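# A structural walkthrough
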Amino acid sequence: WRKAPFVLVRYPGLFAALAVGALLLTLAAVSYPLFISATAGTLVEAEIQEALVTRYGAGVTYRADHASLELTAPDGQGGSAPAHEMRDALFRREMARSAYLGEPVATALGDNVSVSAVDGSGQFRIGKLFAGQDVLKGDRIELRGDGVSVGTTVDGVYEALYSRPQAGYWLKWYDDIYSDCTDCSPPPQFVLVDHDQFLSLSRALGVETASFVWTAPLAPGARLTLDDARELESFVEEFRTDIRDNGSLLGRVFDCCQVFAIFRRTGSQLFSFVGTVVDAVEERLAAVEAPGLVLQVAGIVVSLGVLAAAGIFAHSARRVEAGLLFARGVSASAVGLKAGVEAVIPALLGGIAGFGLALLLVRTVGPSGPLSTGAFASAAWGGALAVGGALGAIGAVSAATFIMEHH
């Protein structure tokens, strides 16, 4: 028994046959979870790249429409602070808990104001103050609102966002940029200013409310697996539950500071398209899983056939030894167990080679999507079970052949 694991070294043909059988069985067991995971990752990436999703839509967005600029919110230390500042700080703190989200982007949109270049032309257009990140300094213009005129330097003016392809950065302001009416006048253009300018100009112009949006897009370069997307979906739902709890600081800050307005959207909302992405991927993945499972079963059946043939060949090649064991009264179960021990080395070598080959095939000729940690774990368990199954098959075939020939 101590020499059993090394006995087959003397039979290179049999050794190779058992290793090939274990390789095929491992390949069949391991390829399926890796292939499905890579396919799911590819589908997730495709859904996120959709024009109406992008990494901004697949992230987390909190929007507060027409919130009063004067209202305050609890600061968690017994005092209060401007509501938009508390929301900004808490949103950034909460979003930092997710490894899949990047730096939050804060934007704000004011009410309509009249806009004119400071050139004496006196020609005014309707615009909206917009505060956003990643903008450059621009022209000096004049703003009018509520009977007040204010001159200021702005970062720029977007005149035709509604006529350009939809971009992820602007998705959260979709309703303010794009019009469903083809015959209507273009929506008011955005006048870009920084955050402090936005607040000071709004107050100077007599504007009392503004719409604020905080978005945590997916981290740049992030490649989500389906498991990652599900985890992010759970994170969004957890955050949604937290901000609905009026007994918590998050609930009091995010739901406390809305004002009533007639004929316009008010209140706050939290949304993310990651749940839509997950649902779409799961629906499309179902069409791939069934045929993939059929192929896996077929591969397992073929590999078990190879192992059975190797087991029969092993008994035939060592018929004299089998007869001696029978003469000594060795049971069929002991013969099967010994055959399994003898096959440990070729089975392990075949299993390792099968795992490596499966990974190589999926990464080179399979889908290009990222592989999840769960898929690797499933593949590892599948490989271990395949090696165990190969040893069990060899043992069972050897015992059965022994019984057929000597009983």
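Residues numbered from 1 in each chain as written. Predicted model: local features only at pLDDT ≥ 70, side-chain atom pairs only at ≥ 80, totals over all residues. Heavy atoms only, no water.

### A closer look at a nonpolar patch on the surface
A cluster of nonpolar residues, Leu-357, Leu-360, Leu-361 and Val-365, forms a patch on the protein surface that exposes about 350 Å² of accessible area. The topology assignment puts Leu-360 in helix α11 (residues 344-365). On the accessibility criterion, Leu-360 (49% relative accessible area) is partly exposed. (Patch = residues over 30% accessible without salt bridge, like charges linked within 9 Å, V, L, I, M, F, W, Y side chains within 5 Å. Areas by Shrake-Rupley, 256 points an atom, 1.4 Å probe, with all protein chains shown as cover. Salt bridge = Lys/Arg side-chain N within 4 Å of Asp/Glu carboxyl O. Helix = DSSP H or I, 4+ residues; strand = E, 2+ residues; numbered from the N terminus. Buried < 20%, exposed > 50% of the residue type's maximum accessible area, 1.4 Å probe, protein only.)

### Points about the nonpolar core
Of all hydrophobic cores here, the largest spans 56 residues; its most connected members are Tyr-62, Phe-91, Met-95, Leu-101, Phe-198, Leu-232 and Phe-254. Per element, the largest residue contribution to this core is seven residues, and it comes from helix α6 (residues 226-243). Among all residues touching Leu-232, those that are not within four sequence positions of it are Ala-58, Ser-98, Tyr-100, Leu-101, Leu-218, Leu-224 and Val-274. One finds Leu-25, Ala-29, Ala-386 and Val-387 within the second-largest nonpolar core, a separate group that totals 15 residues. (Core = buried A, V, L, I, M, F, W, Y, C linked by side-chain atoms within 4.5 Å. Contact = heavy atoms within 4.5 Å.)

### Details of unusual backbone geometry
One non-glycine residue, Thr-54, lies in the positive phi region at around 55°. Mapped onto the secondary structure, Thr-54 falls in helix α2 (residues 54-57). When its relative accessible area of 16% is taken as the criterion, Thr-54 is described as buried. The backbone of His-66 sits at a positive phi, close to 50°, despite the residue not being glycine. Mapped onto the fold, His-66 is located in strand β1 (residues 60-68).

### Examining the packing of aromatic side chains
Inspection of every chain in the model, using the stated rule, returns seven aromatic pairs. Pairing Tyr-62 with Phe-254 gives two aromatic rings, centres 4.8 Å apart and planes at 85°, and the pair type is edge-to-face. Here Phe-254 lies in helix α7 (residues 249-255) and Tyr-62 lies in strand β1, a separation of 192 residues in the sequence. For Tyr-62, a relative accessible area of 1% puts it in the buried group. Summarising the aromatic geometry, the rings of Phe-239 and Phe-254 are spaced 5.7 Å apart at their centres and angled 85° between planes, so their arrangement reads as edge-to-face. On the criterion of sequence distance, the pair formed by Phe-239 in helix α6 and Phe-254 in helix α7 is long-range, its members being 15 residues apart. Considered together, Phe-239 and Phe-254 belong to a single accessibility category, that of buried residues. Following the ring pairs from residue to residue traces out a cluster consisting of Tyr-62, Phe-91, Phe-198, Phe-212, Trp-214, Phe-239 and Phe-254. The positively charged end of Arg-55 is found above the aromatic ring belonging to Tyr-56, 5.0 Å away from the centroid. (Phe/Tyr/Trp six-rings, centres within 6.5 Å; stacked < 30°, edge-to-face > 60°. Lys NZ or Arg CZ within 6 Å of the ring centre and 35° of its normal.)

### Side note on the pattern of salt bridges
Taken as a whole, this structure holds 12 salt bridges when the rule is applied. A salt bridge links Arg-97 to Glu-94; the nearest nitrogen and oxygen atoms lie 3.1 Å apart. The class of Arg-97 is partly exposed, set by a relative accessible area of 43%. Across the salt bridge formed by Glu-237 and Arg-240, the nearest N and O atoms sit 3.4 Å from each other. Highlighted residues: Glu-237 and Arg-240, both in helix α6, separated by three residues, approximately one helical turn. Judged by its relative accessible area of 38%, Glu-237 falls in the partly exposed class.

### Quick look at the packing of helix α1 (residues 12-48) against α11
Contact geometry for α1 and α11: axes closest at 6 Å, N-to-C directions at 35°. The element α1 and its partner α11 pack so that their crossing is right-handed. When its residues are assigned to classes, the contact of α1 with α11 shows 21 nonpolar, five polar and one charged. (Axes fitted to C-alpha atoms, helices over the stretch in contact; angles between N-to-C directions. Left-handed = near helix turned anticlockwise from the far one by under 90°. Nonpolar A, V, L, I, M, F, W, Y, C, P; charged D, E, K, R; others polar.)

### With respect to the pairing of strand β5 (residues 125-131)
For β5, a buried count of five out of seven residues is recorded, marking the element as mostly surrounded by other parts of the structure. Taken together, the five bridges between β5 and strand β9 (residues 189-193) define a ladder with parallel strand orientation. Across the sheet, the residue bridging to Lys-128 is Phe-190, located in β9. (Pairing = 2+ DSSP bridges.)

### Describing the pairing of strand β10 (residues 209-216)
Among the eight residues that make up β10, eight are buried, leaving the element largely enclosed by the rest of the structure. Alternating positions in β10 separate into two faces, Thr-209, Ser-211, Val-213 and Thr-215 on one and Ala-210, Phe-212, Trp-214 and Ala-216 on the other, with burial throughout. Pairing geometry for β1 and β10, over seven bridges, is antiparallel. Along β10, the bridge assignment pairs Ser-68 with Thr-209.

### With respect to α1
The first and last C-alpha atoms of α1 sit 52 Å apart over 37 residues, in line with the 54 Å expected at 1.5 Å per residue. Taken as a whole, α1 carries its principal kink of about 30° at Ser-31; the proline Pro-33 stands between one and four residues after it. (Expected span 1.5 Å × (residues − 1). Bend = angle between axes of the 7 residues up to and from the residue.)

### Examining the side chain of Ser-303
Mapping Ser-303 onto the fold places it in helix α8 (residues 274-317). Judged by relative accessible area, Ser-303 falls into the buried class, the value being 0%. One polar contact links the side chain of Ser-303 to the main-chain carbonyl oxygen of Ile-300, over a distance of 2.8 Å. Apart from residues no more than four positions distant in its own chain, Ser-303 is found in contact with Gly-21, Leu-24 and Leu-25. (Polar contact = N/O pair within 3.5 Å; in protein donor to acceptor, adjacent residues only side chain to side chain.)

### Considerations on the confidence of the model for the protein
Mean pLDDT over the protein stands at 80; residues scoring 70 or higher make up 76%. Here strand β8 (residues 156-158) stands out as the least confident element of the protein, with mean pLDDT 51; α6 is the most confident, with 94. Across residues 256-265, confidence stays below pLDDT 50; counting only partners more than four residues off in sequence or on other chains, it has 34 contacts. (pLDDT = per-residue confidence, 0-100.)

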